[in-house]
Structure formats: structure tokens, C-alpha cells
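# Fold and contact review
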Amino acid sequence: MYDKNSFKIKETPVILGLESSCDETAAAVIRGRKLLSSKIISSATEQAKYGGVVPEIASRAHTEAVDEVVKAAVEEAGITLNEIDAVAVTYGAGLLGALLVGLSFAKSLAYTLGVPLIVVNHIRGHLAASYLADDKLKPPYVTLLASGGHTAILHTVTETEFKLLGGTCDDAAGEAFDKVARVLGLEYPGGVNVERLAKSGENNVPLPKCIVRDSQTIKFSYSGLKTAVINYCHTAEQRGENIVKEDVANSFQHAAVDPLVEKTVECALNLGVNTVTAGGGVIANGYLRERLSSACKKAGLKLVLPEKKYCTDNAAMIAAEGLIQYLAGNFADLSINARAQIPLN
Ligand code: KG4
Ligand code: ZN
């Protein structure tokens, strides 16, 4: 019999993390906050042929990869399956079919090993990646979250309590990067290709910053910025003029990133917290990382940034959030289902 209330909690558990919410099948092992291994098998190259993620292709790829990626993570960690104290897995938000592959695998592994199953909110995973970057990190602090589906500045009050300080009122930052990539004829996944192109361009295309002025709260608008880029490119095309794609990418990057950095630092100073963290795929952007780190330095704030590979989807962050839930004794029943949407708190 599997009873989620029967497990003893260890101080420094070994946790296997599993992630399969989109196009990355990932597994990782941590011991306490120490990362022992992190493996990813991605179907991005296959998805690129279609210009984005096709859910059926993602599910099939997860089914084919999950066994191999778990084996590789366990091997690299130098442990045996019997040393695993808990299995943490993303159960939402994401593509249902994709999530179900990881969740079913995690359920059977937890059942077989007789260890707790921990279900993790993908976004909370992105936020927890910072705990692996600094094993002494403790809230309160201010967090910049920017991914393909979310853009927000949060007051992280405790490891499990977040207050929304500001966010997008339409598209997410990552979504805008992906759309601009498409307009510029760049391949999926778009964000990293926009960054690459921007490196040889200049910030000389007039674009609106993505901040909503005259608002009582901090609001970003990426839809307006995206439309401005599209209009700029279409107008040039109609006039028979050539655009310098590198300059468009560079100018877009400035417009998309600068307000996020400025407002994050402002929030930390207003709240009187001395630390800033960040998470989500867009935080892998080199220009954002440089801007945020110099702005924090100037303001006397400590910045904790996960390595680039732990900003985009991975399982180390799922294991890190799993640890928080483990220590709180927050274990799931094996009957739990995947969810396409979940709120942050
Ligand atoms: O966190 P993530 O891997 O998946 C979600 O949970 O959404 O974020 C993916 C998003 C995509 O929109 C992608 O274009 C963007 O993060 N991204 C980047 C970079 N790497 C990934 N955006 C800008 N620059 C990058 N280097
Ligand atoms: Zn993600």
C-alpha cells in the first residue's frame, strides 16, 4: 500500500527531478541543494521544421526519451535508484499529453521505490533554480520571472509565498522574442536567435519601450512592442527599402529588456530587500544578464542568477522546488492528474 503520509523526512534527501511540460525531456538529481546531475533530451530540432511545438510530436518524443534521460541522470549522479529519497515531477502548467508522460513515469518510479511523489508547478521550478545557484540563498528578495508564458516581478516573501509587484498585461516577454524571430525569418526557438543576431546590430530603430506609462502599478506590454516591430518591417517592405535585421533585433532587445531590469531594481530598492534573483527562459539572454548585473551592482544589490542552462527548461529546477516541498512534507497521492494551467501561489 502506498500511503503519502507514511514517509519520514530526511534533512538532506536525494531527489530525482523530472520535467516534460513542453519539448524538453529532462531528469536531474540533487542531494540537498547540491546538484549531482542534469540531463536533457530535446525535440526542438524536430519541432523547428514546423516553426513551433507540435504537441503530438512532443508527447511521442517524451515517451521515447524518458527512460534514457532518467538512466543517464542517475548514472551521472553516481547513485543507484535505491538511494533516491523522493521523485519530483512537473504536473503543470504545460501541454497535457507531454506532462502525462513525465507524471506517469514519476508515479510508477515513486511507487516501485516506495518513496514520496512530489508534484511541482513548472513556474515555481523556474523560481527555485536560484537556490541551486546559491545554496545560502534565503527570502525575502525580489525575483524577475520571464519565460515563454510569464513575465512578472515578484516579491518572494518566503520559499512558498510570492506577491505580484508587476507584470505583463498581454504577451509574455519570451513570446515577443519568438514572434520577432519569426518576423525576422529566424528559426524556432526564436529567443536565442534574436540574441545572436542582435550582437552585430545597433540600437537605432525607434521602438516603444514595453512599459505602460500612467499606470498605478507596474505594467509591461509586449503586444504593442511586437506590433511596432512588425509595422516597421512591413512599412520598409512596402517602400521597397531594406531593413538591417541585426539593428531591428538589437533595438527590440533593448526595448524588451531595459524596462524589466529598471523596474526589478526599483522594486528591490523600494521594498528594502538586498537581493535580486531571476528565472525563466528569457533570463538566459546575455544582454539581459549583463544589464541586470550592472544595474544591481550600481544599486548595491546582490544578484543571484541561475546559469543559462538552468534558466531554460530543465529538471534541476524541478528537483530544487521538489526539495522545498519535500521539507514541508508536501507529498502527492498517486491519483493526482496533470494540469494545463496552475496559478503561482
Ligand atoms: O522558460 P522557458 O524555457 O519555457 C517556458 O516555460 O516558457 O522559456 C522559453 C522562452 C522562449 O520564448 C524563448 O524564446 C525564450 O524563453 N528564450 C530567450 C532566450 N533563450 C530562451 N529569449 C531571449 N534570449 C534568449 N537567449
Ligand atoms: Zn519553462
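Right above here is the structure, for reference.
Residues numbered from 1 in each chain as written. Chains lettered and ligands numbered in written order. Predicted model: local features only at pLDDT ≥ 70, side-chain atom pairs only at ≥ 80, totals over all residues. Heavy atoms only, no water.

The subject of this paragraph is the overall build of the chain. Along the chain, the regular secondary structure elements total 10 helices and 11 strands. Relative to a compact globule of 345 residues, whose C-alpha radius of gyration would be 20 Å, the chain shows 21 Å and is just as compact. With the C-alpha coordinates of the chain rotated into their principal frame, the extents come out at 70 × 50 × 30 Å. In the chain, buried positions account for 53% of the 345 residues. (Helix = DSSP H or I, 4+ residues; strand = E, 2+ residues; numbered from the N terminus. Rg over C-alpha atoms; globule rule 2.2 N^0.38 Å. Buried < 20%, exposed > 50% of the residue type's maximum accessible area, 1.4 Å probe, protein only.)

This next bit is on the sheet that holds strand E10 (residues 275-279). Spatial strand order, E9-E8-E7-E6-E10-E11: 6 strands in an open sheet with mixed pairing. The open sheet has two edge strands, strand E9 (218-220) and strand E11 (302-304), and neither has a second partner. Averaged over all adjacent pairs, the angle separating strand axes in this sheet is 30 degrees, with direction ignored. As judged from the 3 bridges shared by E10 and E11, these two strands associate in the parallel manner. Paired with Thr277 across the two strands is Val304, which belongs to E11. Taken strand by strand, helix H4 (residues 122-133) contacts strand E6 (141-146), strand E7 (151-158), strand E8 (161-168), E10 and E11, and its axis lies near 125 degrees from that of E6. (Pairing = 2+ DSSP bridges. Axes fitted to C-alpha atoms, helices over the stretch in contact; angles between N-to-C directions. Contact = heavy atoms within 4.5 Å.)

Moving on, we get to the site of ligand 1. Around ligand 1, 18 residues are found, and the nearest of them are His126, Gly148, Asp178, Glu195 and Gly281. In this structure, a nitrogen atom belonging to ligand 1 sits 3.0 Å away from a side-chain N or O atom of Asn285. Contact between ligand 1 and Asp313: an oxygen atom at 3.2 Å from a side-chain N or O atom of the residue. When ligand 1 sits alone it has 550 Å² of accessible area, and the protein chains cover 85% of it. Elements represented by at least two residues in the shell around ligand 1 include exactly H4, helix H5 (173-183) and helix H6 (190-198). (Near = heavy atom within 4 Å. Polar contact = N/O pair within 3.5 Å; in protein donor to acceptor, adjacent residues only side chain to side chain. Areas by Shrake-Rupley, 256 points an atom, 1.4 Å probe, with all protein chains shown as cover.)

This part is about the coordination of the zinc ion (ligand 2). Around the zinc ion (ligand 2), the donor atoms from the protein are His122 (NE2), His126 (NE2) and Asp313 (OD), and they sit 2.0 to 2.1 Å away. Coordination at the zinc ion (ligand 2) is irregular, judged from the 6 donor atoms that bind it and the angles of 54 to 167 degrees they form at the metal. Here the donor residues for the zinc ion (ligand 2) map to a single chain with the spacing H-x3-H-x186-D. Here His126 and His122 lie together in helix H4, a separation of 4 residues that amounts to about one turn. (Donors = N, O, S within 2.8 Å, 3.2 Å for Na, K, Ca; no water. Tetrahedral: all angles 85-135°; square planar, octahedral: opposite > 155°, others 65-115°.)

Below, the discussion takes up the pairing of E7. Burial runs high along E7: 6 of the 8 residues are buried. In this antiparallel pair of consecutive strands, E6 and E7, the connection spans 4 residues. Summarising the sheet, E7 and E8 pair through 6 bridges and their orientation is antiparallel. Looking across to E8, one finds that Thr158 is bridged to Glu161. Count of turn residues in the E7/E8 antiparallel hairpin: 2 residues.

Quick look at H6 now. The α-helix winds at 3.6 residues per turn, so residues separated by three or four positions along the chain end up facing the same way. Turning to H6, its buried residues number three or more, namely Gly190, Asn193, Val194, Glu195, Leu197 and Ala198. Lining the buried residues of H6 we find H5, helix H8 (245-271) and helix H9 (286-299).

The subject of this paragraph is the side chain of Thr264. Structurally, Thr264 is set in helix H8. For Thr264, a relative accessible area of 0% puts it in the buried group. Setting aside its immediate chain neighbours within four residues, Thr264 contacts Val142, Leu144, Ile153 and Val276.

On to the nonpolar core, then. Judged by nonpolar contacts, the single largest core of 46 residues is most densely connected at Phe220, Tyr222, Leu225 and Phe252. Elements with a minimum of two residues in this core: E6, H5, H6, E9, helix H7 (222-238), H8, E10 and H9. If one sorts the elements of this core by residue count, H8 sits on top with 11 residues. Non-local contacts of Phe220, meaning those with residues more than four positions away in its chain, are made with Thr151, Ile153, Gly167, Thr168, Cys169, Asp170, Cys210, Ile211, Val212, Pro259, Leu260 and Lys263. Within the second largest apolar cluster, 44 residues are counted, among which are Leu36, Val69, Val115 and Ile318. (Core = buried A, V, L, I, M, F, W, Y, C linked by side-chain atoms within 4.5 Å.)

Moving on: the sheet that holds strand E3 (residues 34-42). In a beta sheet, neighbouring strands pair by backbone hydrogen bonds and run either parallel or antiparallel. With mixed pairing, the 5 strands of this open sheet are ordered in space as E3-E2-E1-E4-E5. The strands lining the two open edges of the sheet, one partner per strand, are E3 and strand E5 (117-121). The average undirected angle you get between the axes of adjacent strands in this sheet is 20 degrees. Sheet analysis places strand E2 (residues 24-31) next to E3, joined by 8 bridges and oriented antiparallel.

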